[in-house]
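What follows is the residue order along each chain.
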Amino acid sequence: MNLDFTQMTPYIPYMLEGIWVTLKFVAVALVIGALIGTMLALFKISGPAPLRAFAIAYTSIFRGTPLILQLMLIYFAVPQLTGYDITPFLSAITAFGLNSAAYISEIIRAGIQAVDKGQLEAAQALGVPYRAMMKDIILPQAFKNILPALMNEVITLTKESALVSTIGYLDLMRRAQVVGASMYRQFEPLLFVGLIYWVLVMILTLIGRKIERRLKASDIR
Amino acid sequence: MISVKGLVKSFGDLEVLKGISTEVDAGQVIAIIGPSGSGKSTFLRCLNKLEEPTGGTVDIAGFDITDKKTDIRAARQEIGMVFQHFHLFPHLTVLGNLTYAPMKVKGETKAQAEEKARTLLKRVGLSEKADSYPASLSGGQKQRVAIARALAMEPKLMLFDEPTSALDPEMVKEVLDVMKDLAKSGMTMIVVTHEMGFAREVADRVLFLDQGKLVEEGTPDEFFGNPKTDRARDFLEKVL
Ligand SMILES: Nc1ncnc2c1ncn2[C@@H]1O[C@H](COP(=O)(O)OP(=O)(O)OP(=O)(O)O)[C@@H](O)[C@H]1O
Ligand SMILES: [Mg+2]
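All of the points below concern the structure found in this document. (Residues numbered from 1 in each chain as written. Chains lettered and ligands numbered in written order. Predicted model: local features only at pLDDT ≥ 70, side-chain atom pairs only at ≥ 80, totals over all residues. Heavy atoms only, no water.)

**Some thoughts on a positive patch on the surface**
Next, step 1: Among the surface-exposed residues, Arg209, Lys210, Arg213 and Arg214 of chain A lie close enough to one another that they form a single positively charged patch.
Next, step 2: Its place among the elements puts Arg213 of chain A in helix 8 (residues 187–219). (Patch = residues over 30% accessible without salt bridge, like charges linked within 9 Å, V, L, I, M, F, W, Y side chains within 5 Å. Areas by Shrake-Rupley, 256 points an atom, 1.4 Å probe, with all protein chains shown as cover. Salt bridge = Lys/Arg side-chain N within 4 Å of Asp/Glu carboxyl O. Lys, Arg positive; Asp, Glu negative; His and termini not counted. Charge placed at Lys NZ, Arg CZ, Asp CG, Glu CD. Helix = DSSP H or I, 4+ residues; strand = E, 2+ residues; numbered from the N terminus.)

As structure tokens, then:
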């Protein structure tokens, strides 16, 4: 087997651009996921019965079916059903946003419920209103449980993001395939973007560790 | 100040309080004693609706809290509560713990709340801890901060659920001293406790709970000197 990276050189800037494309869509999906996920988590913890049922069903469906299926459904079904020609970018952030909302809602729910029940009772006994209690007492403490798990979700999302190459969105993965096709060599570009994914994930992991250490330190202040 | 009539509390099929009635006047200190599982905490928690009473009525600090229309948050502002395990807010400083609710709930300014907080910290002997975080305090110090936090809301009465049970023996006194001081100042207090010495010395009246019933009540002299029921006698023999 002979590897030849020289042929690939002119395509490198094109592939590097994929980093930005991938990160952009992961970031947008994450914001959507965090917003919807927070809402779902609050529904699950203290919503009225119908909203709670909805949140539970939502989570079950999005965690219980393959992400690539959700992506395909949105990309192919939306134009068929509504006539609206959805772009790959829009399909990608919708599918990944809705999907990560399900995972993030579970992370937030678990993080909130891990806060000592005594904290809630102490706030209640002082007459603190529900919203203020959540915002000032419960969530800041839940945040310490949530943040490390959320970093894992970011990492998963970054890796899984390669799935959008299947609907033609020009992310890192897709660019490797395009380059591979045009120079009739698949192996080198795949290795190249593989390395990029790995570096991205390592950077995120390091950031996550740093955050975790910070949180631990503030426990014993 | 408090009027409880026929208070019943069930958890599912388990009836924990089986019709408790009692009256407490302003300025009185009541000690609640009884074996583990007799319903002491549940009784106390029904008084500020941390547990929802199943039956009966509770009038407290001018609020009928068993009436669905009652603004329970308004009632709770008048009812301070101190827990066995303190439940200080770990992410706030001692000062933050004392000023949070007065500012958030009663709309006090930061300056007002801090001034009052510092006075209270002085009263419980912890002035120098204002900027510390709870994690750096001893158990006794935490409980004194918790008492000050409840007092910062200027409640009409105070509920204590075994405030010294989680403390190392050498720290019990500092907390009891703060409570004695509070009793002397005329605060209405309901104290669930295993500290018989405290009950004897400070309480105006002792309530003895067993298996969800108010079996006996009387002055400390009556109760400790001459218990009327067998159950109270048995209990006292075990703990004294
Ligand atoms: N949330 C709950 N759900 C179900 N059962 C409960 C609940 N809280 C209390 N109980 C039960 O009610 C009974 C009385 O409990 P409670 O905590 O009031 O007793 P206690 O007199 O305070 O005991 P201790 O001295 O151990 O604190 C116990 O049998 C307990 O298991
Ligand atoms: Mg108890």
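**Some thoughts on the nonpolar core**
Next, step 1: Counting residues in hydrophobic clusters, the biggest one holds 51 residues, and the most contacted among them are Val128 of chain A together with Phe43, Leu47 and Ile60 of chain B.
Next, step 2: When residues in this core are grouped by element, the largest group, seven residues, is from helix 6 (residues 130–160) of chain A.
Next, step 3: In this view, Phe43 of chain B contacts Val4, Leu7, Leu17, Ile20, Thr22, Ile32 and Leu209 of chain B; residues no more than four positions away in its chain are not counted. (Core = buried A, V, L, I, M, F, W, Y, C linked by side-chain atoms within 4.5 Å. Buried < 20%, exposed > 50% of the residue type's maximum accessible area, 1.4 Å probe, protein only. Contact = heavy atoms within 4.5 Å.)

**Observations regarding the interface of chain A and chain B**
Next, step 1: Listed as interface residues are 21 residues of chain A and, on the opposing side, 25 residues of chain B.
Next, step 2: Summing the contributions of chain A and of chain B, the shared interface buries around 1900 Å²; its carbon and sulfur component is 62%.
Next, step 3: Here chain A and chain B share two salt bridges between them.
Next, step 4: The residue Lys104 of chain B makes a salt bridge to Asp136 of chain A at a minimum N-O spacing of 3.3 Å.
Next, step 5: Across the chain A-chain B interface, the total number found is seven residue pairs in polar contact (both at pLDDT 80 or more).
Next, step 6: Among the secondary structure elements, those contributing two or more residues to the side of chain A that touches chain B are helix 5 (117–125) and helix 6 of chain A.
Next, step 7: Per-class residue counts for the side of chain A that touches chain B are ten nonpolar, five polar and six charged. (Buried area = accessible area lost by both parts, 1.4 Å probe. Polar contact = N/O pair within 3.5 Å; in protein donor to acceptor, adjacent residues only side chain to side chain. Nonpolar A, V, L, I, M, F, W, Y, C, P; charged D, E, K, R; others polar.)

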